[in-house]
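Here is what each chain is made of, one letter per residue.
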Amino acid sequence: MTRPAADEAILTISGLDSYYGELQVLRQADLSVARAQVVALFGPNGHGKSTLLKAISGINPPRKGSVRFDGVDITGLASDKLVEMGLAYIPEARNIFTEMTVLENLRLGAYNRRARPRVNDNLELVFSLFPRLDERKDQMAATLSGGESRMLAVGRGLMSDAKLLLIDEPSIGLSPLMKKTVFGAINRIKKTTDISIMVVEQEVDYALAVADRIFLLKKGEVVMERGAGEIDKSEIEKAYF
Ligand SMILES: Nc1ncnc2c1ncn2[C@@H]1O[C@H](COP(=O)(O)OP(=O)(O)O)[C@@H](O)[C@H]1O
Ligand SMILES: [Mg+2]
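Residues numbered from 1 in each chain as written. Chains lettered and ligands numbered in written order. Predicted model: local features only at pLDDT ≥ 70, side-chain atom pairs only at ≥ 80, totals over all residues. Heavy atoms only, no water.

Chemist: Would you take a moment to explain the UniProt feature "domain: ABC transporter" (unreviewed entry) in the chain for this structure?
Modeler: Mapped onto this numbering, the UniProt entry gives "domain: ABC transporter" (unreviewed entry) at residues 11-241. Counting secondary structure, residues 11-241 comes out at 35% helix and 26% strand; the distance between its end C-alpha atoms is 29 Å. (UniProt positions renumbered as here; feature names shortened; annotations may be inferred. Helix = DSSP H or I, 4+ residues; strand = E, 2+ residues; numbered from the N terminus.)

Printed below as a string of structure tokens:
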């Protein structure tokens, strides 16, 4: 295996087609995430944003095209293998173990071989990003609020010693204050670590505040790509209608 050039993107998607049975959702999708940067993925409901994350993370592998992660072709690899390699997918649905404590949930996130020796460092990172989880570490996850469960899901991804977090709509259904907390944490991950992030988000304002680059997905196609300095918010919002 050749070592990736240091400046190679952490994630490069080329010509991705993805289907559910006969329904084609993604059409020749191209997109990349630079190392240690935050990419926001926008687009109307039902246009393939979650499908793209599922195609990358091995939940619903693409039918055509390729995905490169950290210099390696990972197209079609199983999700548990991808977690081992440092790719963490944080789905929209709350996927935490409600009958376990917050701390037990976090420790489970560190189950893979690479993450195990780094449990204590990563716990420290999670608790510094989300002091609320530290305060509640011995509580059952079932007792957490919606916003706290979302923090726990992101925390679990960090515990896997991820190089790249794929986060699906982290702020959906949360109060404005909680939305701010969640995006504040994403901003701190960006500022204080070399972890890369791709976040799907409906709340354009919150996401624009942290994104280095944005992509807009419409009918399964990437129809717009912009760097942080060249983003016109009204142009994005227009695409939603
Ligand atoms: N598990 C599934 N089986 C069949 N169709 C699906 C499934 N998940 C999503 N779809 C369809 O795929 C399209 C894209 O969905 P999705 O990627 O979830 O959109 P978004 O995340 O942008 O709202 C929609 O038409 C949706 O109905
Ligand atoms: Mg979705």
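Chemist: Honestly, the site of ligand 1 in this entry has me stumped. Any pointers?
Modeler: Taken together, Tyr20, Leu23, Val25, Pro44, Asn45, Gly46, His47, Gly48, Lys49, Ser50 and Thr51 make up the full set of residues adjacent to ligand 1. Within the contact set of ligand 1, an oxygen atom lies 3.0 Å away from a backbone nitrogen or oxygen of Gly48. The contact in question runs from an oxygen atom of ligand 1 to an N or O atom on the backbone of Ser50, over 2.9 Å. For ligand 1, the protein covers 59% of the area, taking 570 Å² as the surface of the free molecule. Sorting the residues of the shell around ligand 1 by element identifies strand S2 (23-33) and helix H1 (49-56) as the ones contributing at least two each. (Near = heavy atom within 4 Å. Polar contact = N/O pair within 3.5 Å; in protein donor to acceptor, adjacent residues only side chain to side chain. Areas by Shrake-Rupley, 256 points an atom, 1.4 Å probe, with all protein chains shown as cover.)

Chemist: Teacher, can you tell me more about the layout of surface pockets here?
Modeler: Any empty space left between the atoms is revealed when a probe the size of a water molecule rolls over them. Here the largest pocket is characterised by a volume of approximately 510 Å³. Lining the largest pocket we find 23 residues, and of these Val83, Tyr89, Gly109, Arg156 and Ser160 sit closest to its centre. Secondary structure elements with two or more residues in the lining of the largest pocket: helix H2 (79-85), strand S6 (87-90), helix H3 (102-109) and helix H6 (146-159). Top element by residues in the lining of the largest pocket is H2. It accounts for 5 residues. The residue inventory of the lining of the largest pocket, partitioned by class, reads 12 nonpolar, 7 polar and 4 charged. A volume near 250 Å³ is recorded for the second largest pocket. If you go around the second largest pocket, you meet 13 residues; those closest to its centre are Asp161, Ala162, Lys163, Asp194 and Ile195. Of the residues contributing to the lining of the second largest pocket, the split by class is 6 nonpolar, 2 polar and 5 charged. (1 Å grid on protein atoms, 1.4 Å probe; cavity = no way out; pocket = protein on both sides within 12 Å on 5 of 7 lines; lining within 4 Å. Points joined across faces, edges and corners; volume = space filled by probe spheres on them. Nonpolar A, V, L, I, M, F, W, Y, C, P; charged D, E, K, R; others polar.)

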